[in-house]
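What follows is each chain in one-letter form.
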Amino acid sequence: MRILIIEDQKKLALSLKKGLEEQSYAVDVAYDGVEGLEFTESVAYDCIILDVLLPKMDGLEVLKKIRDSSSHMPVLILSAKGSLEDRVRGLDLGGDDYLVKPFSFTELLARIRAIHRRKSGAPQNILKIDDLTMNLATREVIRGGQKIDLRPKEFAILQHLIENKGRVMTRSVMMEHIWDYSAITGSNVIDVHIKRLREKIDSDFERKLIKTIKGVGYSIDQ
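A few points on the structure. The model shown is predicted, which means the values in this text are computed figures rather than measured ones.

This brings us to the pairing of strand S4 (residues 75-79). Counting buried positions along S4 gives five out of five residues, so the element sits mostly inside the fold. Burial of the side chains of S4 extends over both faces: Val75, Ile77 and Ser79 are buried on one face and Leu76 and Leu78 on the other. For the crossover that starts at strand S3 (residues 47-51), traverses helix H3 (residues 59-68) and ends in the parallel S4, the hand is right-handed. Where S4 and strand S5 (residues 97-100) come together, four bridges link them in parallel fashion. Paired with serine 79 across the bridge in S5 is valine 100.

The following block contains the structure:
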């Protein structure tokens, strides 16, 4: 998943970015409403974490403009304003969830996963393909009863492929969803990570899950 944080408190924003990146998310950060809105106009984010009290443009105004553009990008509102009236207003303007500051990072992660499940139609945190399972909450990957340790980007690539099983994922689409703006990547970065991923989840098993579509990208069969 690629996430946008729109938060003017830099210490909080960078702390959230670091924590989310440790969970394999690609994260961009904007520090005011205008910059945040510009980000949303160029990237289709899987989730936007939006503060309400922002400089240059209020968070709820940002949300209104996002929805006025017919965008369905999920928005999780973060706010120190936690009255019933504030929460109802945020949700009525198009917010998908509302979390009051101060909050637990663990709860934030759970809400992001819930938003993603609703968006993808997945009923739970467990993804399965053949004899491989991924637990998105515990970040545990098991194939054939064998636990497999994946690096954050390897985990993100595998999750992306499984959630789009049966479809061919181009390198450019994978880059957009798994790396953020600040990442400096070479043209073969996807291929390098796929090679490492295959060594971990395919090399010891008869059935190979990851398929190469020559000249296009990669896929995982149904």
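There is more to say, and it comes next.
Our next topic: the nonpolar core. What tends to happen in soluble globular proteins is that the nonpolar side chains get buried as a cluster. Grouped together as the largest cluster of nonpolar side chains are 27 residues, with contacts concentrated most on Leu132, Leu158, Leu161, Met174 and Ile201. Looking at this core, the elements with two or more residues in it are strand S6 (126-129), strand S7 (132-135), helix H6 (152-163), helix H7 (171-178), helix H8 (189-201) and strand S12 (217-220). Per-element tally for this core: the top contributor is H6, with six residues. Grouped together as the second largest cluster of nonpolar side chains are 20 residues, Val43, Ile48, Val62 and Val75 included.

A few words on the environment of alanine 44. Among the secondary structure elements, alanine 44 is positioned in the loop between helix H2 (33-40) and S3. Sequence spacing of alanine 44 and glutamate 176 is 132 residues, and the spatial spacing of their C-alpha atoms is 8.7 Å. Residues within four places of alanine 44 in sequence aside, it is in contact with Met73, Glu176 and His177.

Here we have five strands laid out as an open sheet, ordered S2-S1-S3-S4-S5, and parallel in their pairing. Pairing within the sheet leaves two strands with one partner each, and these edge strands are strand S2 (26-30) and S5. Averaged over all pairs of adjacent strands, the angle between strand axes in this sheet comes to 20 degrees, irrespective of strand direction. For strand S1 (residues 2-6) and S3, the ladder comprises four bridges, and the chain directions are parallel. Note on S3: the bridge partner recorded for isoleucine 6 is leucine 50.

Cut-offs used in this document
Residues numbered from 1 in each chain as written. Predicted model: local features only at pLDDT ≥ 70, side-chain atom pairs only at ≥ 80, totals over all residues. Heavy atoms only, no water. Buried < 20%, exposed > 50% of the residue type's maximum accessible area, 1.4 Å probe, protein only. Helix = DSSP H or I, 4+ residues; strand = E, 2+ residues; numbered from the N terminus. Right-handed = clockwise from strand over helix to strand, strands pointing away. Pairing = 2+ DSSP bridges. Core = buried A, V, L, I, M, F, W, Y, C linked by side-chain atoms within 4.5 Å. Contact = heavy atoms within 4.5 Å. Axes fitted to C-alpha atoms, helices over the stretch in contact; angles between N-to-C directions.

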